[in-house]
Amino acid sequence: MTTRRHTFLSRRLAGALLGGLALCATLSGAAAAAEGQLRIAKQFGVVYLLLAVVEDQKLIEKHGKAAGLDIKVDYVQLSGGSAVNDALLSGNIEIAGAGVGPLFTLWDRTRGRQNVKGVASLGNFPYYLVTNNPAVKSIADFGEKDRIAVPAVGVSVQSRILQWASAKLWGDKDFARLDRISVAVPHPEAAAAIIKGGTEISGHFGNPPFQDQELAENPKARIVLNSYDVQGGPSSSTVLYGTEAFYKSSPKTYKAFLDALDEAAKFITENPDKAAEIYVRTTNSKLDPALLKTIITNPAVTFKVAPENTLGLGQFMHRVGAIKSAPQAIGDYFFADPRIDTGS
């Protein structure tokens, strides 16, 4: 019988437990997973709705059985790209869920070893940098007393997009200008700080639904930066990725996972009300269902597995020296699949 477990690990705890193992794995390569084993790391937010539907509807198990395979699926809740990357490199998970920035970092670091690449997109979502400081009209107005909350300073996709925006404003040499006033805070805590006010956190570069809650619940909150404006249009900022060993040694499990994601994307698009109910139930969210449906049906949001508009961030990261290798095409940093090869 297929079983599933849920585990919550904070970024700090995950780093302590997995950091040492990650170094060993980086040097020796993570062991290949056996067919029928799938451990998935996810983080907070509606951007992980595809995984919530996959889990709730047992779609991986469904597609595995169709291929004659009984798949055991475990889910691990983490916070921050660093913790997720540590878990992947240590061999504690097969699938990492994080921003495309952490993907590029790991793709570059593991070339010729674990050869980490993308598996699929979790869809296109605009990410907002929200502030409750009335003096801040643009990122140029953040001062030394301000603090900008991101999942992981310097490595999360929000932090990378903020660096890209800084480079466009002040030049590549000052791309990390706002890192010094950025702090690593999980999205739920950062959203609470923006809504309540009165803390050192005056900005939060988040994702749905946290950014939407901030705007709805604090009349002083407003958008300072939209990720789509920096990236040049709708983009897949949050993705799933894994090692070459998993891709090659577990083809049936890998295909069942992609088939499950594809089915979940269609389900959400066709059944937004049901998808919203699944998210609230599986995450114990207190989010207003009406607000959640607004997020899911936002014309700027698209649920699909093919990545879109990701290459530019990787090329920026190479230009400023954040990664050594320059990605040239989607096939450089995503594993081959007919559904993925059409991405960008």
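These numbers were taken from a predicted model, which means no experiment stands behind them. (Residues numbered from 1 in each chain as written. Predicted model: local features only at pLDDT ≥ 70, side-chain atom pairs only at ≥ 80, totals over all residues. Heavy atoms only, no water.)

Q: Account for the overall build of the protein, naming residues and giving values.
A: If you tally the helices and strands in the protein, you get 15 helices and 11 strands. Since a compact globule built from 344 residues should have a radius of gyration of about 20 Å, the 19 Å found for the protein is in line with a globular shape. Dimensions of the protein, computed from the C-alpha atoms along their principal axes, are close to 60 × 45 × 40 Å. The burial tally for the protein puts 57% of its 344 residues in the buried class. Across the protein, contacts joining residues at least 24 apart in sequence account for 79% of those joining residues at least 6 apart. (Helix = DSSP H or I, 4+ residues; strand = E, 2+ residues; numbered from the N terminus. Rg over C-alpha atoms; globule rule 2.2 N^0.38 Å. Buried < 20%, exposed > 50% of the residue type's maximum accessible area, 1.4 Å probe, protein only. Contact = heavy atoms within 4.5 Å.)

Q: Summarise the pairing of strand β2 (residues 37-42); cite the residues concerned and give the values.
A: Buried residues dominate β2, accounting for five of its six residues. With six bridges joining them, β2 and strand β3 (residues 72-77) adopt parallel strand pairing. Within β3, the residue paired with I40 across the bridge is Y75. Here two bridges tie β2 to strand β4 (residues 95-99), and the two strands are oriented parallel to one another. Looking at β4, one finds that I40 is bridged to I95. (Pairing = 2+ DSSP bridges.)

Q: Lay out helix α14 (residues 311-319) in plain terms, naming residues and giving numbers.
A: What α14 keeps buried is the set L313, G314, F316 and M317. For α14, the buried positions fall inside an angular range of 160° around the axis, keeping them on one side. Tucked inside the fold, the buried residues of α14 contact α5 (100-109) and α6 (157-170). After α14 finishes, the residue G321 shows a positive phi value of roughly 85°. (Arc of directions from axis to C-beta.)

Q: Tell me about the side chain of N124, and please be specific about residues and values.
A: Here N124 is to be found in the loop between β5 (117-121) and β6 (128-131). Side chain to side chain, N124 and S236 meet in a polar contact 2.6 Å long. Not counting residues within four places of it along the chain, the set of residues in contact with N124 comprises Y228, P234, S235, S236, A300, V301, T302, K304 and E308. (Polar contact = N/O pair within 3.5 Å; in protein donor to acceptor, adjacent residues only side chain to side chain.)

Q: Can you break down helix α11 (residues 251-270) residue by residue, with the values?
A: End to end, α11 covers 29 Å across 20 residues, agreeing with the expected 28 Å (1.5 Å per residue, within 8%). Inspection of α11 places T253, Y254, A256, F257, L258, D259, A260, L261, D262, A264, A265 and I268 among the buried residues, and these make up the whole buried set. (Expected span 1.5 Å × (residues − 1).)

Q: Please provide a residue-by-residue account of the pattern of salt bridges, values included.
A: This structure, assessed with the given rule, holds 17 salt bridges. For the salt bridge of R281 with E277, the shortest nitrogen-to-oxygen distance reads 2.7 Å. Remark: E277 and R281 occur in helix α12 (residues 272-283); sequence separation between them is four residues, near one turn of the helix. The exposure class assigned to E277 is partly exposed, which follows from its relative accessible area of 33%. Note that D337 and R339 form a salt bridge whose closest N and O atoms lie 3.1 Å from each other. Look at R339 and you get partly exposed, because its relative accessible area is 23%. Sharing partners across several salt bridges, the network here consists of K255, D259, D262, K266, D337 and R339. (Salt bridge = Lys/Arg side-chain N within 4 Å of Asp/Glu carboxyl O.)

Q: Would you mind going over the sheet that holds strand β10 (residues 222-226) in detail, with residue names and values included?
A: Read across the open sheet, the five strands follow the order β8-β7-β9-β6-β10; overall the sheet is mixed. The outermost strands of the open sheet, each flanked by one partner alone, are β8 (182-184) and β10. Averaged over all adjacent pairs, the angle separating strand axes in this sheet is 30°, with direction ignored. As judged from the four bridges shared by β6 and β10, these two strands associate in the antiparallel manner. Within β10, the position partnered with L129 by the bridge is L225. (Axes fitted to C-alpha atoms, helices over the stretch in contact; angles between N-to-C directions.)

Q: Can you tell me about the environment of F335, naming the residues and giving the values?
A: Relative to the helices and strands, F335 is located in the segment after α15 (330-333). Accessibility expressed as a relative area gives 5% for F335, which makes it buried. C-alpha separation for the pair F335 and A264, spaced 71 residues apart in sequence, amounts to 20 Å. Sequence-distant contacts of F335, defined by excluding residues within four places in its chain, comprise N115, K117, G118, V119, G242, T243, E244, Y247, Y254, I340 and D341.

Q: Quick rundown of unusual backbone geometry? Include the residues and the values.
A: Along the chain, P208 connects to P209 via a cis peptide bond; the corresponding omega equals 5°. Here P209 is to be found in the loop between β9 (201-205) and α8 (210-217). A positive phi is found at N284, a non-glycine position, where the angle reads about 55°. Of note, N284 is situated in the loop between α12 and α13 (289-296).

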